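# Secondary and tertiary structure notes
Take a look at the letters that make up each chain.
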Amino acid sequence: MLNNITMGQYYPVDSRVHRLDPRIKLILTIVFIVIVFIARTFLGYAVILAFVYLASRLANVPFRMLLRGLKPLRLIIILTFLLNLLFTTGETLWLEFWIVRITKEGFMQAAFYSLRLVFLVIGTSLLTLTTSPVSLADAIEILLTPLKKIHFPAHELAMMMTIALRFIPTLLEETDKIMKAQMARGADFESGNLISRAKAMVPLLVPLFVSAFRRAGDLAMAMESRCYHGGDGRTRLRVLKITKNDWIACGVMAVLLALIILEGIFL
Amino acid sequence: MKSDSRVQLNDVSYSYEEQAAPALSGVSALIQPGEFVAVLGHNGSGKSTMAKLLNALFVPTEGNVVVCGYNTREEKLVWEIRQRAGMIFQNPDNQIVATVVKEDVAFGLENLGVPTEEMIPRIESALSAVRMSAYADKAPHMLSGGQKQRVAIAGILAMEPSVIIADEATAMLDPSGRKEVLETIRTLNRQKGITVVWITHFMEEAALADRVLVVTDGQIKLSGTPAEVFDRVEEMREMHLDVPHMTALAGELREAGMPLRPGILTVEELAEEVERLCPLKSAT
């Protein structure tokens, strides 16, 4: 069970989108978020939808994988829609009964807010589905490097992310082992109400924390003995290179941005 | 610098805290280039402390440790020493940094600032030396304990060290993993002439070394070839160390009046010796 867990939600296939430089993908995702926020008409959102759909086809990622990211957020999206629908004051009355007043403006605002949320999730899912967490950590490190001037620990942050990713399977395995050991001693993790279940977690978490700290100590020593001394003077095995593909992706995103801006001005 | 790849300990003492009893006291040893030295001792004997002193992870409280001509006291030389004297630790999981095998092998090289083009062939040759080339793109958590230790060895090997220190590198492995790691190290020692300091509490492993140092209570009590050391059955017992089964059996047979030669370590050697003394009569 533990041997085939995938890290995060990375969808490991090969495609042009997967092969894009993670830095470019990260920046383009930010641009995409901006685009989602400046779109003001349904036509604009239709264009964005078409873009996202085509991008997912190009990335060899099934579109329903993108929609899966919406599931945990469905309550928030529905709530956003309803609140905006019911509490926006507007001129054009569409429907009125009892204390409920639904106006055209209210509906439009509700629709736009929830569409924005939907596209935010879909756009960022496309990034995390096509970029492995390790390359994402690399991209973050390089993009944050300029901040080193103000003593922002860019390298350390990326190193922590990589080590955390490296130890997730190890700690999961360990959790499994401790759980079985405690169950053999009569611990009950499955019955009882929320509070007693939370209490049952204590004999699991304490050994897990102790061991995690011991591992951290060991790892620090192993890293030091392999000459680790921070990010200064360090070279990398994985060198990120910007290719023609990346420029094409930037071009496509620029066209989308232009379309949405123009649509906002003329429609 | 290759000319002096000796490891010297000159009257070294080390205490973890100022008042505490020293973990090592007055230890002197000289390890020659290309030698395979086993450091044998039970838990708490100070053998692990000795390993960490060789890698400049610890600096001796008294005395000097000189590795490949560099004194570990000099802070500027720390990285030089750690590059030349690589260390493998006990827990295979807690020394792998990266999420992909070849990236972990690259870790040391990245730290040393080796250019990327040069890294790739060094990683490939290090992985093939430990016979792990087929796993270059695998995730470390999918490997067995023995394989993880071999990846750790490759990570050290890529840095082209002259000394490898293994601090109970097989203690957490199953018998087959233990065998594969020990064989890997033995081959590297023979073929590449890498000096090995093998810290262990397994007698059978120490028996394969060129020389054994027995550490008890922070001091080197016995030193010599495995045969010489293990023949001192009584002294070993006093230090709560067991000698290999065959050596113990040979000792008992000798006491019972069989004139066996000293220095018997394996079943084959004992069988040969017994056959020499009482040849099998082919005709019955």
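Quick caveat, the model's predicted, so the values are computed rather than measured.

### Considerations on the overall build of chain A
- Assigned secondary structure in chain A consists of 11 helices and two strands.
- In chain A, the order of α-helices and β-strands from amino to carboxyl end is α-α-α-α-α-β-β-α-α-α-α-α-α.
- Taken over the C-alpha trace, chain A has a radius of gyration of 24 Å; the compact-globule value for 267 residues is 18 Å, which it surpasses by more than 25%.
- Overall, the C-alpha framework of chain A stretches about 70 × 55 × 40 Å when taken along its three principal axes.
- Residue burial in chain A is summarised as follows: out of 267 residues, 20% are buried.

### A few points about the sheet that holds strand β2 (residues 24–31) of chain B
Residues and elements named next belong to chain B.
- One open sheet accounts for four strands, arranged β2-β1-β4-β5; its pairing is antiparallel. The open sheet has two edge strands with one neighbour each: β2 and β5 (70–71).
- Here strand β1 (residues 7–14) runs beside strand β4 (residues 62–67); their pairing, made up of five bridges, is antiparallel. Following the sheet pairing, Ser13 is matched in β4 by Glu62.

### Re unusual backbone geometry
- One non-glycine residue with positive phi stands out, namely Asn60(A), at about 60°.
- As for its placement among the helices and strands, Asn60(A) is situated in the loop between α3 (42–58) and α4 (63–68).
- The exposure class of Asn60(A) is partly exposed, given the 15 C-beta atoms found within 10 Å.
- Unlike most non-glycine residues, Ala56(B) shows phi in positive territory, near 60°.

### A closer look at the sheet that holds strand β9 (residues 211–216) of chain B
Residue and element names in this part refer to chain B.
- If you walk across this open sheet you meet the six strands as β6-β7-β8-β3-β9-β10, and the pairing is mixed. Both outer strands of the open sheet, β6 (85–88) and β10 (219–224), are each paired with one neighbouring strand and no more. The sheet shows a mean angle of 20° between the axes of neighbouring strands, direction not considered.
- Lying over the sheet, helix α5 (residues 145–157) contacts β6 and β7 (163–167), oriented at roughly 165° with respect to β6.

### Overview of helix α6 (residues 175–192) of chain B
All names here are of chain B.
- Between its first and last C-alpha, α6 extends 25 Å over 18 residues, near the 26 Å set by a 1.5 Å rise per residue.
- Those residues of α6 that fall on the buried side of the exposure criterion are Arg178, Glu180, Val181, Leu182, Thr184, Ile185, Leu188 and Asn189.
- Those residues of α6 that are buried lie in contact with β3 (36–40), α4 (116–129), α5, β7, β8 (195–200) and α7 (203–206).

### Section: the pairing of strand β2 (residues 100–103) of chain A
Residue and element names in this part refer to chain A.
- Direction of pairing for strand β1 (residues 93–97) relative to β2: antiparallel, over a ladder of four bridges. Paired with Phe97 across the bridge in β2 is Val100.
- Taken together, β1 and the strand that follows it, β2, pair antiparallel across an intervening segment of two residues, in which Trp98 is found at a positive phi of about 50°.

### Focus: the domain arrangement of chain A
- Along its sequence, chain A is organised into domain 1 (2–131 + 241–266) and domain 2 (153–225).
- Using C-alpha coordinates to define each centre, domain 1 of chain A is positioned 35 Å away from domain 2 of chain A.

### A word on the interface of chain B and chain A
- Each side of the interface is counted separately: chain B has 30 residues, and chain A has 26 residues.
- Elements that contribute at least two residues to the side of chain B that touches chain A include exactly α2 (78–84), α3 (101–112) and α4 of chain B.
- The biggest single contributor to the side of chain B that touches chain A is α3(B), with seven residues.
- Along the lines of polarity and charge, the residues of the side of chain B that touches chain A split into 14 nonpolar, 12 polar and four charged.

### Considering the packing of helix α10 (residues 245–255) of chain B against helix α11 (residues 267–277) of chain B
Residue and element names in this part refer to chain B.
- Contact geometry for α10 and α11: axes closest at 9 Å, N-to-C directions at 25°. Taken together, the axes of α10 and α11 lie roughly parallel to each other. The interaxial crossing formed by α10 with α11 has left-handed handedness. Across the interface between the two elements, Met246, Leu249 and Ala250 from α10 touch Val267, Glu269 and Leu270 from α11.
- For the contact of α10 with α11, a count of residues per class yields five nonpolar, no polar and one charged.

Thresholds, definitions, all that
Residues numbered from 1 in each chain as written. Chains lettered and ligands numbered in written order. Predicted model: local features only at pLDDT ≥ 70, side-chain atom pairs only at ≥ 80, totals over all residues. Helix = DSSP H or I, 4+ residues; strand = E, 2+ residues; numbered from the N terminus. Rg over C-alpha atoms; globule rule 2.2 N^0.38 Å. Buried ≥ 20, exposed ≤ 12 C-beta atoms within 10 Å, placed from the backbone. Pairing = 2+ DSSP bridges. Axes fitted to C-alpha atoms, helices over the stretch in contact; angles between N-to-C directions. Contact = placed C-beta atoms within 7 Å. Expected span 1.5 Å × (residues − 1). Domains from an automatic or database assignment. Nonpolar A, V, L, I, M, F, W, Y, C, P; charged D, E, K, R; others polar. Parallel < 35°, antiparallel > 145°, perpendicular 65-115°, else oblique. Left-handed = near helix turned anticlockwise from the far one by under 90°.

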